[in-house]
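Observations on chain architecture
Letter by letter, the chains look like this.
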Amino acid sequence: FFNSLQEVATAPGDTAPRIVAVEAGKSLADSFRQTSTIASELNAGTIKQARQSTDSINVLTGELVKINSSLMSSGQSGNASNSMLDSRDRLIDEISKFVEVTTDLDSRGAATLRIGNSGNGPILVANDNRSSLIVSETFDGLQYSLRSSGKDAPTSLINNGSLKGYSDAITLIKKTIADLDAMAF
């Protein structure tokens, strides 16, 4: 495009370089539109993936609550079946692929999961209670929150796992869109 403008500057009276410059400008504008469309679709797809992942986490935590309830009803003896304990461990492993959690087990094997690696993060699952993990889009990225008793508590402790990847991706996509807009205007 800029080379074609240089040709117009070299021969301002010639119409051929002007036509080429106009067509090159249209092509450049189309490229900006196409890149913006792709970035917007990527943004929407990433948000959809983040929502699907939080839905998956909520299903997994629901299953963990059921196992915790069974473990707690097994009494103080701690005579839980190995298959139930294995199922609990598999669920915790699956959850940890999405979000980093710390796990505490009580004497009966019931798990308490906290978001983050400090052991002091917000509680995701405690015995037979759980919070739902939700995601919302903000002006510059994603905000994850824990919903419990109808109240949402935002958390910034999503520092690992696929949810962190989605958050980082959205931040980069939004920055790219802003940079693209700045170049186009």
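Being a predicted model, the structure only gives us computed values, none of them experimental.

Turning to helix α2 (residues 15–73), a few remarks are in order. Over its 59 residues, α2 extends 87 Å from the first C-alpha to the last, a length consistent with the 87 Å expected when each residue adds 1.5 Å. Capping the start of α2 is the job of one residue whose side-chain oxygen sits 3.4 Å from the backbone nitrogen of alanine 16: aspartate 14.

Let us look at the sheet that holds strand β7 (residues 151–155). Taken in spatial order, the 3 strands of this open sheet run β5-β6-β7, and their pairing is antiparallel. Each edge of the open sheet carries a strand with a single partner, namely β5 (132–137) and β7. Across this sheet, the average inter-strand angle for adjacent strands is 35°, counted without regard to direction. Sheet topology note: the β5/strand β6 (residues 142–148) ladder contains 6 bridges and is antiparallel. If you follow serine 132 over to β6, its bridge partner there is arginine 147. The strands touched by α2 are β5 and β6; relative to β5, the strand with the most contacts, the crossing angle is about 170°. Packing of helix α4 (residues 162–184) onto the sheet brings it into contact with β5 and β6, and relative to β6 it is tilted by some 140°.

Across the sheet, which stays open at both edges, the 4 strands sit in the order β1-β2-β3-β4 with antiparallel pairing between neighbours. Both edges of this open sheet fall to β1 (101–105) and β4 (129–130), since each of them pairs with a single strand only. By the bridge criterion, 3 bridges tie strand β2 (residues 111–115) to strand β3 (residues 123–126) in an arrangement that is antiparallel. The residue of β3 that forms the bridge with arginine 114 is isoleucine 123. The sheet strands contacting α2 are β2, β3 and β4, and the helix crosses β3 at an angle near 30°.

Moving on, we come to unusual backbone geometry. The phi dihedral of asparagine 127 falls on the positive side, at around 55°, and the residue is not glycine. Checked against the element boundaries, asparagine 127 lands in the loop between β3 and β4. For serine 149, which is not glycine, the phi dihedral falls at a positive 55°. For serine 149, the location among the structural elements is in the loop between β6 and β7.

So, about the pattern of salt bridges. Per the stated rule, a full pass over the model turns up 10 salt bridges. Glutamate 23 is paired through a salt bridge with lysine 26; the nearest N and O atoms lie 3.7 Å apart. Of this pair, glutamate 23 and lysine 26 both sit in helix α2, 3 residues apart, which is roughly one turn of that helix. Residue class for lysine 26 comes out partly exposed when judged on its relative accessible area of 47%. Aspartate 106 is the salt-bridge partner of arginine 108, the closest N and O atoms lying 3.5 Å from each other.

Cut-offs and rules
- Residues numbered from 1 in each chain as written.
- Predicted model: local features only at pLDDT ≥ 70, side-chain atom pairs only at ≥ 80, totals over all residues.
- Heavy atoms only, no water.
- Helix = DSSP H or I, 4+ residues; strand = E, 2+ residues; numbered from the N terminus.
- Expected span 1.5 Å × (residues − 1).
- Polar contact = N/O pair within 3.5 Å; in protein donor to acceptor, adjacent residues only side chain to side chain.
- Pairing = 2+ DSSP bridges.
- Axes fitted to C-alpha atoms, helices over the stretch in contact; angles between N-to-C directions.
- Contact = heavy atoms within 4.5 Å.
- Salt bridge = Lys/Arg side-chain N within 4 Å of Asp/Glu carboxyl O.
- Buried < 20%, exposed > 50% of the residue type's maximum accessible area, 1.4 Å probe, protein only.

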